[in-house]
Amino acid sequence: MDKFIIRRPAKRSKAEANSEEEGENIPKTRVPKKAKLEKKMLVKKVVTRKGKQVSKKSKNDEGEEINQDKELEEAMEEDEAEEDEKDLAIKIANGNALNNNKSFNWKKGEPVPFTALCKTFEAIEKETKRLVIQEYLMTFLKNVLELTPDNLLQTLYLCLNRICPEYENLELGVGEGILMKAIAESTGRNLASIKKDMKTLGDLGSVAKASKQSQSTLWTPKALTIPSVFNKMKAIAMTTGQDSQTRKLGEIQGLLSACTTGEEAKFLTRSLEGKLRIGLAEQTVLISLAQAILLKDPQYQKLSKSAKASELAEAPNILKAVYSEVPSYDIVVPKLLEFGVKGLRKNCKLTPGIPVKPMLAHPTKSITEVLDRLEGHKFTCEFKYDGERGQIHILENGTMKIYSRNLEDNSQKFPDILEKIPKALKPTTKSFVIDCEVVAWDSESHCIRPFQILSTRKRKDVKEEDIKVTVCVFAFDILYLNGESLLQKPLSERRQSLYDAFQPVRGEFAFAHHMDATNIEEIQVFLDESVKDNCEGLMVKISEGPESTYEPSKRSRNWLKLKKDYLSGVGDSLDLVVIGAYLGRGKRTKLYGAFLLACYDPDNEEYQAICKIGTGFSDATLEEHYKFLKEHEIEAPKSYYNYDKNTKPDVWFEPCQVWEVLAADLSISPIYKAAVGVCDPTKGVSLRFPRFIKVRDDKTPEDATTSEQIAEMYQRQFQERE
Ligand SMILES: Nc1ncnc2c1ncn2[C@@H]1O[C@H](COP(=O)(O)OP(=O)(O)OP(=O)(O)O)[C@@H](O)[C@H]1O
Ligand SMILES: [Mg+2]
Ligand SMILES: [Mg+2]
């Protein structure tokens, strides 16, 4: 059977489309990037946007088939050339509007008017071409650099809808209820009509905009600026304690009353909710930032045309690499302003105390698949421990930290680890960052205990004397040692450094067990051994050469996971978001009986329904789910939920919890929307026989399995059979 990739139109809620003023409507078409198309596997026919069909001879994997790609590439370029002309006109029109500082009364040295940023957001939201979006943001950032460089950091945070580095554990996410109240009070409408609007519009931002536009004000409030909005948002996020809700409400009302346009109210509301959703990916922000900084650099101006082009292309790579090592704009932005892009690498390096985005692995389903992928490479197998990822840092001054997979500071959760770790250090070890798995440990029989035991530990304010579940750290990588970053070193060298810097302490600190196998039989024996030792399977990693460096934040093909349970299933479990529930029957009448799950599509910023799940729950877990989810019920589905009316649940939830789920296989479905348009022109992918495993506290909804991963899993099923 031929499979298709089509370029699908972006899903936008009716509400959004209706709320747009006439004449502003720039047609939107989501175009998956070419790079993404190339990555899709087993593509036999591709339909370009103009409907041209291009045949491809066989699977497309890792750029091996450059010739076969040529036809596709040319057809796409043709399409793109036509599009580019159109885009250019739009770009110039919008670029000029964005560039026109006078219309915002924005003078040099004065705080950036919030409305200027909103204008850029508006243009970005209506655009789907990544390059054009990049251009808009770059233009705006250049203005900020020109007029008010002091506001650059806060501008970036507002673009990213954040208030601090991710690892500082400070969340915005003001609840829907409080925002509705604030909109009502600041615009003089009643709460009931706001709720009614919310049901039809599905997006609080649009409700705020509509309310603002229908309101007439007698006085002109003082205009909002980027620093005023940012600082208020941060203050709101930090408001805790008694009557914090009332105080938050007051602050939000103040902000909303100061909005002069519907657009300001819309983007402000969405930002406060923590859901800006204008289609501005962090990667795009990084690219625009790097280029804006470079273009403002006097040295750059003096270069020849070709040197300029190559520097412009290289700048984003430098910034991206540095940012994945030091994921903090608080640190990177001042360095960028001081040293420019070219001086950044030297002045901004992996630093103990700032978590690095961890490297992730690709799932595989068989030893032969592993061997196929790693042919021609030296590789090593390690036990895959089933616990929780930990990144342990020790600074020169003795400060210790442990971070989660998601860069959360887990130091308060594992005080026992920080207490015991010094015993495992060799005397020469002064500062380091190691990557490890924290596992529940049975100190009587000296063996690993299952993950379920670890998950019973308290998450916060753990006192050492109360700890019932002892843990052992299994270290598998080292990223930094005594002042030096090891990220660029091959794994074999990093492992040696790890061995040189630490010593095992029984039941407290160990090195991940490893073996350098070369054939199926050896790997099989090692896999069986790992299972006997209560591990989940193996991690197989390239150990020598340029492909064995540590790649922060990447789901790399140089690390493969081979799990015992899934060798005959879909290869790996999935982490999905609960977006709705169906009321129970029989003895479950008082609870939810089944749930609607969704994967996440970061390109379209939407949750796509993937299956209904009613299996794998004990009565006790059903009750727990009810208790937790009841608090997150919402009146209507979010505008960014993509589902079919045939799967409509009885109640909807905020995207608030991630569940790990196993399935027998994946199939094309007319009513589910996961990866819609990728594996089939109009249908999505669904899970067959999904079974609940556990709640994933360490993942946020946006860390859920992506539609791209779903498409890959779906297509891999056929590869195996061919
Ligand atoms: N030897 C090892 N090397 C690397 N990771 C290991 C090792 N042993 C255990 N792990 C754990 O395995 C994880 C990767 O596999 P797993 O399927 O558990 O990932 P996950 O947390 O579900 O995330 P995802 O499914 O998004 O990859 C790592 O993040 C780490 O926590
Ligand atoms: Mg795990
Ligand atoms: Mg997983």
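How each quantity is defined
- Residues numbered from 1 in each chain as written.
- Chains lettered and ligands numbered in written order.
- Predicted model: local features only at pLDDT ≥ 70, side-chain atom pairs only at ≥ 80, totals over all residues.
- Heavy atoms only, no water.
- Near = heavy atom within 4 Å.
- Polar contact = N/O pair within 3.5 Å; in protein donor to acceptor, adjacent residues only side chain to side chain.
- Helix = DSSP H or I, 4+ residues; strand = E, 2+ residues; numbered from the N terminus.
- Nonpolar A, V, L, I, M, F, W, Y, C, P; charged D, E, K, R; others polar.
- Core = buried A, V, L, I, M, F, W, Y, C linked by side-chain atoms within 4.5 Å.
- Buried < 20%, exposed > 50% of the residue type's maximum accessible area, 1.4 Å probe, protein only.
- Contact = heavy atoms within 4.5 Å.
- Pairing = 2+ DSSP bridges.
- Axes fitted to C-alpha atoms, helices over the stretch in contact; angles between N-to-C directions.
- Patch = residues over 30% accessible without salt bridge, like charges linked within 9 Å, V, L, I, M, F, W, Y side chains within 5 Å.
- Areas by Shrake-Rupley, 256 points an atom, 1.4 Å probe, with all protein chains shown as cover.
- Salt bridge = Lys/Arg side-chain N within 4 Å of Asp/Glu carboxyl O.
- Lys, Arg positive; Asp, Glu negative; His and termini not counted.
- Charge placed at Lys NZ, Arg CZ, Asp CG, Glu CD.
- Expected span 1.5 Å × (residues − 1).
- Phe/Tyr/Trp six-rings, centres within 6.5 Å; stacked < 30°, edge-to-face > 60°.
- Lys NZ or Arg CZ within 6 Å of the ring centre and 35° of its normal.

Asker: Looking at this structure, how should I read the site of ligand 1?
Answerer: In the region of ligand 1, 17 residues are neighbours, and Arg-405, Glu-437, Lys-561, Lys-563 and Arg-696 sit closest. Arg-405 is positioned with one of its side-chain polar atoms (N or O) 2.7 Å from an oxygen atom of ligand 1. Contact distances for ligand 1 include 2.6 Å between an oxygen atom and a side-chain N or O atom of Lys-563. Contributions of two or more residues to the shell around ligand 1 are made by β5 (379-384), β14 (537-542) and β15 (555-563). Looking at the shell around ligand 1 element by element, the count peaks at 4 residues for β15. Broken down by class, the residue content of the shell around ligand 1 amounts to 5 nonpolar, no polar and 12 charged.

Asker: I keep staring at the nonpolar core and nothing clicks. Help me out?
Answerer: Where a protein is soluble and globular, its nonpolar side chains tend to be buried together. Among the nonpolar cores identified, the biggest contains 87 residues, and Leu-152, Ile-252, Leu-268 and Val-332 are the most heavily contacted of them. Here this core gets 10 residues from one element, more than from any other, and that element is helix α5 (residues 130-147). Setting aside its immediate chain neighbours within four residues, Ile-252 contacts Val-174, Ile-178, Leu-179, Ala-182, Ile-236 and Leu-272.

Asker: Help me understand the sheet that holds strand β13 (residues 514-515) in this model?
Answerer: Strands pair in a sheet through their backbones, by hydrogen bonds, and they do so in one of two ways: parallel or antiparallel. In space, the 5 strands of this open sheet follow the order β4-β15-β14-β5-β13, with mixed pairing throughout. At either margin of the open sheet sits one strand with a lone partner, and together these are β4 (360-364) and β13. Those strands touched by helix α18 (residues 367-374) are β4, β5, β14 and β15, and its axis lies near 160° from that of β15. Strands β5, β13, β14 and β15 of the sheet are contacted by helix α22 (residues 520-532), whose axis makes an angle of about 20° with β5.

Asker: Hey, could you run me through a negative patch on the surface in this one?
Answerer: Together, Glu-419, Glu-464, Glu-465 and Asp-466 make up a negatively charged patch on the protein surface. Within the secondary structure, Glu-419 is located in helix α19 (residues 415-420). By relative accessible area, which is 51% here, Glu-419 ends up exposed.

Asker: Whenever I open this one, helix α9 (residues 204-213) confuses me. Can you help?
Answerer: Residue pairs spaced three or four apart in an α-helix point in one direction, given the helix's 3.6 residues per turn. For α9, the tally of buried residues reaches 8 of 10 residues, placing the bulk of the element in the interior. Taken together, the buried positions of α9 are occupied by Leu-204, Gly-205, Ser-206, Val-207, Ala-208, Lys-209, Ser-211 and Lys-212.

Asker: What is the right way to read the environment of Leu-256 from this model?
Answerer: By the secondary structure assignment, Leu-256 is in helix α11 (residues 244-257). Placed 116 residues apart in sequence, Leu-256 and Phe-140 show a C-alpha to C-alpha distance of 24 Å. Filtering out sequence-adjacent residues up to four positions away, Leu-256 remains in contact with Ala-182, Ile-183, Ser-186, Lys-212, Ala-265, Leu-268 and Thr-269.

Asker: Which parts of the structure should I look at to understand helix α10 (residues 226-238)?
Answerer: Look at α10: 18 Å from first C-alpha to last across 13 residues, which is about the 18 Å you get at 1.5 Å a residue. Taken together, the buried positions of α10 are Ile-226, Pro-227, Val-229, Phe-230, Met-233, Ile-236 and Ala-237. The inward-facing, buried residues of α10 abut α4 (114-126), α5, α6 (152-160), α11 and α12 (262-273).

Asker: Which parts of the structure should I look at to understand the packing of aromatic side chains?
Answerer: Centre distance and the angle of the planes are the two values used to describe a pair of aromatic rings. Within the structure shown, the criterion is met by 31 aromatic pairs. Taking 4.8 Å as the distance between ring centres and 75° as the angle between the ring planes, the aromatic pair formed by Phe-595 and Trp-659 counts as edge-to-face. Residue Phe-595 is located in strand β17 (residues 592-601), and its partner Trp-659 is located in strand β22 (residues 658-662); the two are separated by 64 residues in the primary sequence. The two residues Phe-595 and Trp-659 agree in class, both being buried. In this structure, Arg-277 packs its charged tip against the face of Tyr-640, placed 3.7 Å from the ring centre.

Asker: Where do I start with the pairing of β5 in this structure?
Answerer: Walk down a regular strand and you will see the side chains alternate between the two sheet faces. Across the 6 residues that make up β5, a large majority, 6, are buried. As paired strands, β5 and β14 are joined by 6 bridges and run antiparallel to one another. Its bridge partner being in β14, Glu-382 is matched across the sheet by Met-539. Examined bridge by bridge, β5 and β13 share 2 bridges and lie antiparallel to one another. Following the sheet pairing, Glu-382 is matched in β13 by His-514.

Asker: What is the right way to read the environment of Leu-481 from this model?
Answerer: In this fold, Leu-481 is placed in strand β10 (residues 471-481). For Leu-481, a relative accessible area of 16% puts it in the buried group. Separated by 88 residues in the primary sequence, Leu-481 and His-393 have C-alpha atoms spaced 10.0 Å apart. Excluding anything up to four places from it in sequence, Leu-481 contacts Thr-429, Ser-431, Phe-432, Leu-486, Ser-497 and Ala-501.

Honestly, that's just the spatial picture; any functional story needs more than this.
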